[in-house]
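So you can see what is in the structure, the chains are spelled out below.
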Amino acid sequence: METELLNIESVSSKQKAAALRKAGEIIREGGLVAFPTETVYGLGADALNAEAAAKIYAAKGRPSDNPLIVHIHDISQVYEIAEEVPDEAKAVMEKFWPGPLTIILNKKSCVPDGTTGGLHTVAIRMPSHPIARDFIRESGRMIAAPSANTSGRPSPTLASHVYEDMQGRIPLILDGGAVGIGIESTIIDMSTGIPTILRPGYITKDMLEEVLPEVKIDPAVSGRTMKKDIVAKAPGMKYRHYAPKGQLTLVEGDKDKVIAKINELVREKKEEGYKVGVIGTDETLDAYHADILRSIGSRQKPESVAANLYRILREFDDLECDYMYSESFFEQGLGNAIMNRMLKAAGYHLITLQEGLVWIIARLL
Ligand code: AMP
Ligand code: MG
């Protein structure tokens, strides 16, 4: 299959309308279209057409028990697919939609098992990206979409990432440029009991607590070790998201000690003849010596770290790095989501250096 990559960002409104029309036709015929959202690129299909949803699993090589998120463009669509919508869920939708938050609710029978991985719940999100909204509206369907990467690779934050993974597998990619946030949506389960975060993202626990009396975090996604005996409630969280060709190790502790430790580890691996990379920050990159150096962003701007993370992991893959060492981030606010993704990418390889006072105080703040 030929894969068409259509620029939809810097084109005339006529060209944009034509691209959206084409995308809508493909969806209505049961095909797949990759499209930008504010979090990462999604791989979309008609959510209520089980055969169309099955094509997503085939194109991605995704395990069939890993359900898809249904994307809508208007809150009224929630009532077409969700059985009960608690008042708390309504409050959360009003506050955070459109935006990077996915809500799990009990599903109606019109949502096929093929979309929900056989679960009786459905994950719903209303994205804020204008192209995503236009695309969903134009298709006249609700759009089931996971991230548009091959299973096991970092989520795509550029249309070129989608092309790398999906070339020859899908008919159309809508190129809307770089996404804004760069990591996947926060997932909150509101189908039962106390609302529980199943995946951390841009919308943090603190933000959710502005409208909810209590929010829990699924024990499977908190913390810094692999939890073998706890079953993740979001089936996708049990899979190692990214299996780099090389081994990524995170190092945490006081800044100067981290720099010294990473440089020491790099020296050792280089002496053994390996290709070694370092992920530093704008504040520290100059202090490192390695074959490949990348700044993941500024510590002053955690949003920049989230936005660059997956692109940098892909770059290290392309450069066939054997070992990669990265600084760590405080698990506060957006830092929770960043560390959650980085720890998964590292297979939970984390070196904690003896903690100095500055580090301890910073962690407590
Ligand atoms: P992706 O869009 O690739 O980030 O994957 C969607 C994520 O949503 C996966 O981690 C799924 O396990 C999770 N998810 C989708 N539907 C549900 C559901 N009904 N209950 C729990 N998690 C879900
Ligand atoms: Mg994904």
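Keep in mind that what you see is a predicted model, and the values were worked out from it rather than measured.

### Side note on unusual backbone geometry
1) Next: Note that the residue after Trp97, namely Pro98, is joined by a cis bond; omega there is -10°.
2) Next: A positive phi angle, close to 55°, is found at Glu320, a residue other than glycine.
3) Next: Summarising the element assignment, Glu320 is placed in the loop between helix H10 (302–318) and strand E15 (323–327).
4) Next: Its identity is not glycine, yet Tyr348 carries a phi of approximately 65°, on the positive side.
5) Next: Among the structural elements, Tyr348 can be located in the loop between helix H11 (334–345) and strand E16 (350–352).

### Brief notes about the environment of Val40
1) Next: With respect to the secondary-structure elements, Val40 resides in the loop between strand E2 (33–35) and strand E3 (42–46).
2) Next: Taking relative accessible area as the criterion, Val40 reaches 6% and is therefore assigned buried.
3) Next: Spatially, the C-alpha atom of Val40 lies 26 Å from that of Glu80, the residues being 40 residues apart in sequence.
4) Next: With near-sequence residues (within four places) excluded, Val40 lies in contact with Ser147, Ser155, Pro156, Thr157, Val179, Gly182, Ile183, Glu184 and Tyr310.

### A look at the pairing of strand E6 (residues 121–125)
1) Next: Of all five residues in E6, five are buried; the element is thus mostly enclosed.
2) Next: Of the two faces of E6, the one holding Thr121, Ala123 and Arg125 and the one holding Val122 and Ile124 are both buried throughout.
3) Next: Here three bridges tie strand E4 (residues 69–71) to E6, and the two strands are oriented parallel to one another. Along E6, the bridge assignment pairs His71 with Arg125.
4) Next: Here five bridges tie strand E5 (residues 101–106) to E6, and the two strands are oriented antiparallel to one another. Opposite Ile103, over in E6, you have Ile124 as the bridge partner.

### So, the site of ligand 1
1) Next: Near ligand 1 there are 22 residues, and of these Arg62, Asn66, Thr121, Arg199 and Gly236 occur at the shortest range.
2) Next: One of the side-chain nitrogen or oxygen atoms of Asn66 is found 3.0 Å away from an oxygen atom of ligand 1.
3) Next: In this structure, Thr121 approaches ligand 1 through a side-chain N or O atom, which is 3.0 Å from a nitrogen atom.
4) Next: Here ligand 1 loses 95% of its free accessible area of 500 Å² to cover by the protein chains.
5) Next: Going through the elements one at a time, E6 and strand E10 (196–199) are the ones with two or more residues in the shell around ligand 1.
6) Next: When residues of the shell around ligand 1 are assigned to their parent elements, the largest contribution, three residues, is made by E6.
7) Next: Looking at the shell around ligand 1, its residues break down into 14 nonpolar, four polar and four charged.

### Regarding the sheet that holds strand E12 (residues 247–252)
1) Next: Across the sheet, which stays open at both edges, the five strands sit in the order E14-E13-E15-E12-E16 with parallel pairing between neighbours. Of all the strands in the sheet, just strand E14 (292–295) and E16 have a single pairing partner and so form its edges. Geometrically, the sheet is characterised by an average inter-axis angle of 20° between neighbouring strands, direction not taken into account.
2) Next: In this sheet, E16 lies alongside E12 in parallel orientation, the contact comprising three bridges. In the sheet register, Leu250 faces E16, and the bridge partner there is Leu350.
3) Next: Taken strand by strand, H11 contacts E12, E15 and E16, and its axis lies near 135° from that of E12.

Cut-offs applied
- Residues numbered from 1 in each chain as written.
- Chains lettered and ligands numbered in written order.
- Predicted model: local features only at pLDDT ≥ 70, side-chain atom pairs only at ≥ 80, totals over all residues.
- Heavy atoms only, no water.
- Helix = DSSP H or I, 4+ residues; strand = E, 2+ residues; numbered from the N terminus.
- Buried < 20%, exposed > 50% of the residue type's maximum accessible area, 1.4 Å probe, protein only.
- Contact = heavy atoms within 4.5 Å.
- Pairing = 2+ DSSP bridges.
- Near = heavy atom within 4 Å.
- Polar contact = N/O pair within 3.5 Å; in protein donor to acceptor, adjacent residues only side chain to side chain.
- Areas by Shrake-Rupley, 256 points an atom, 1.4 Å probe, with all protein chains shown as cover.
- Nonpolar A, V, L, I, M, F, W, Y, C, P; charged D, E, K, R; others polar.
- Axes fitted to C-alpha atoms, helices over the stretch in contact; angles between N-to-C directions.

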